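What follows is the residue order along each chain.
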Amino acid sequence: MELLAFLLRGPATRRHPRRGAASFNKQPGKELEDNAPLQYHESEIMTREDYALLRQPNGGMEYTFTFWERAHGVTRPQIFQAFGLIGAHRGEEIQRSLQRGQSLTWGSLGPGAAFEDFSMMRSMDKFFRDVFQMGSELEELLWIQQAANLKAHEISVAQTGIKRVFVPGTRGSSQFINKKNFERFYWPYLQDFLGKLIAMDITPILHFDSDWGGFLEYFLQLPAKKFVLELDSATDIYKAHDVLKGHCAIKGDMPAGLLAVGNPDDVDAYAKKLITTFGQGGGLLYSVGCTMPFNARKANVDAFFNAVEKYGRYN
């Protein structure tokens, strides 16, 4: 979502046409310092009445395009222009990576469970109100949006030829919703979505931020060894290892805080515990938790990579 605004015209601030809410991105070098990370400021872009868009032909995409128009202050032609620019940049990125002998993690960085989409587009507080007030009507709308999300990944994988996809998740975790609502509004959609990707021989990489510790057992219902669960340090990765060992690969989870304000010894100690706990055959994809922080200290980054040679070889 933010990439569209960045490629087209930078951040936009505008009044919502009916509700008067403002939404904008703050970009480094503009509203922010040159080396600051991008900031997304959430507000109610899509109203409850806008759910009617989902019942139109291609309703899932129409709903998403309308959100982009409002959130970034752009026109529909500009959105299509941005897709062309994104495709060109992505193609160049893939070619440069392959020339370096690298394997790309994802062929598609796209949507996940429709619950996450609506939460962002409606804003979290307004959408959680929908969850309690709309009931079965919301369930039907989630299926429409979920079908659009699946199609978006299919198109991206066909274009890139890389059969691994980025599936984000945050607000469906046990940190945000209870088991009852997870089982009604989140898990059936995610399970169906991932199952269809796997049936197309596409590997979902679940980039799941926040604490999913209360829901880890549900992932045992997914086909074994067909997906990756990527965790930040909010979820106890050792609990995830205990529950899911042998069922899926687990990616993570060097904490951003250690890389930014810790020291090399802290990083080395964490890496050693992580790698040796999983051990040979444990299914660990050693990585940072969520992302490498923009202000990571070089000495800590060096220690992060050096730990692979120190602890990560079993032969």
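Preceding this section is the structure that the text describes.
In this numbering scheme, every chain counts its residues from 1 along its sequence in written order. Side-chain atom pairs in this predicted model are given and counted only at pLDDT of 80 or more, local residue features only at pLDDT of at least 70, and totals for whole chains, interfaces and linings cover all residues. Neither water nor hydrogens contribute to the side-chain values; these are computed over all heavy atoms in the structure.

Asker: Got a sec to walk through the packing of aromatic side chains? Specific residues and values, please.
Answerer: Pairing of aromatic side chains here covers Phe, Tyr and the six-membered ring of Trp, requires ring centres within 6.5 Å, and sorts the geometry by plane angle: under 30 degrees stacked, over 60 edge-to-face, intermediate tilted. Counting across every chain of the model gives 27 aromatic pairs. Residues Y51 and F118 carry aromatic rings whose centres are separated by 5.3 Å and whose planes lie at 65° to one another, so their mutual orientation is edge-to-face. Note that Y51 is positioned in the loop between β3 (39-41) and α2 (59-72) and F118 in helix α4 (residues 114-122), a separation of 67 residues in sequence. In this structure, Y51 and F118 share a single accessibility class: buried. Considering the side-chain rings of W68 and F83, the 5.6 Å spacing of their centres and the 65° angle between planes classify their relative orientation as edge-to-face. A residue pair is termed long-range when its members are at least 10 positions apart, and W68 in helix α2 and F83 in helix α3 (residues 76-99) qualify at 15 residues. The way it works is that DSSP assigns letters per residue, a run of H or I at least four long becomes a helix, a run of E at least two long becomes a strand, and they are numbered from the N terminus. Burial here depends on accessible area, computed with a 1.4 Å probe over protein chains only, as a share of the maximum for the residue type. Under 20% is buried, over 50% is exposed, and the range in between is partly exposed.

Asker: Give a detailed account of the pattern of salt bridges, specifying residues and quantitative values.
Answerer: The salt bridge definition used is simple: a Lys or Arg side-chain nitrogen within 4 Å of an Asp or Glu carboxyl oxygen. Here the structure, examined in full by the defined rule, presents 16 salt bridges. We note a salt bridge from E93 to R90, for which the minimum N-O separation is 2.6 Å. Residue E93 and its partner R90 are both found in helix α3; the two are separated by three residues, about one turn of the helix. A relative accessible area of 18% places R90 in the buried class. Among the ionic pairs, K196 bridges to D192, the shortest N-O distance being 3.1 Å. One end of the pair, K196, and the other, D192, are both in helix α7 (residues 179-199), four residues apart, so they sit about a helical turn from each other. Given a relative accessible area of 41%, K196 falls into the partly exposed group. Classification of D192 as partly exposed rests on a relative accessible area of 28%. In this structure, a network of salt bridges that share partners links the residues E44, R48, R122 and D130.

Asker: Account for unusual backbone geometry, with residues named and values stated.
Answerer: Geometrically, the link from G252 to D253 is a cis peptide bond, its omega value of -10° lying close to zero. For S123, which is not a glycine, the phi torsion comes out positive at approximately 90°. With respect to the element layout, S123 can be found in the loop between α4 and α5 (124-134). Its identity as a non-glycine residue notwithstanding, C290 has a phi of 75°, on the positive side. Within the secondary structure layout, C290 lies in the loop between β9 (284-288) and α11 (298-311).

Asker: Please give an account of helix α10 (residues 264-278) that cites residues and values.
Answerer: Residues spaced three or four apart along an α-helix face the same direction, because each turn holds 3.6 residues. Helix span, expected: 1.5 Å multiplied by one less than the number of residues in the helix. If you check α10, its first and last C-alpha atoms are 21 Å apart, about what 15 residues at 1.5 Å a residue would give, namely 21 Å. Among all positions in α10, only V267, D268, A271, L274, I275 and F278 are buried. Buried residues of α10, viewed axially, fall in a sector of 135°; they line one side. Each element contacted by the buried residues of α10 is listed here: α8 (237-244), β8 (249-254), α9 (256-261), β9 and α11. The definition of a polar contact used here is a pair of N or O atoms within 3.5 Å, where within protein one atom must be able to donate a hydrogen and the other to accept one, and adjacent residues in sequence count solely through side-chain atom pairs. The N-capping residue of α10, defined by a side-chain oxygen 3.0 Å from the backbone nitrogen of D265, is N263. Positioned one or two residues after α10, G279 has a phi angle of 65°, which is positive. This arc describes the spread of directions from the helix axis toward the C-beta atoms. Should any heavy atoms of two residues lie within 4.5 Å, those residues are considered in contact.

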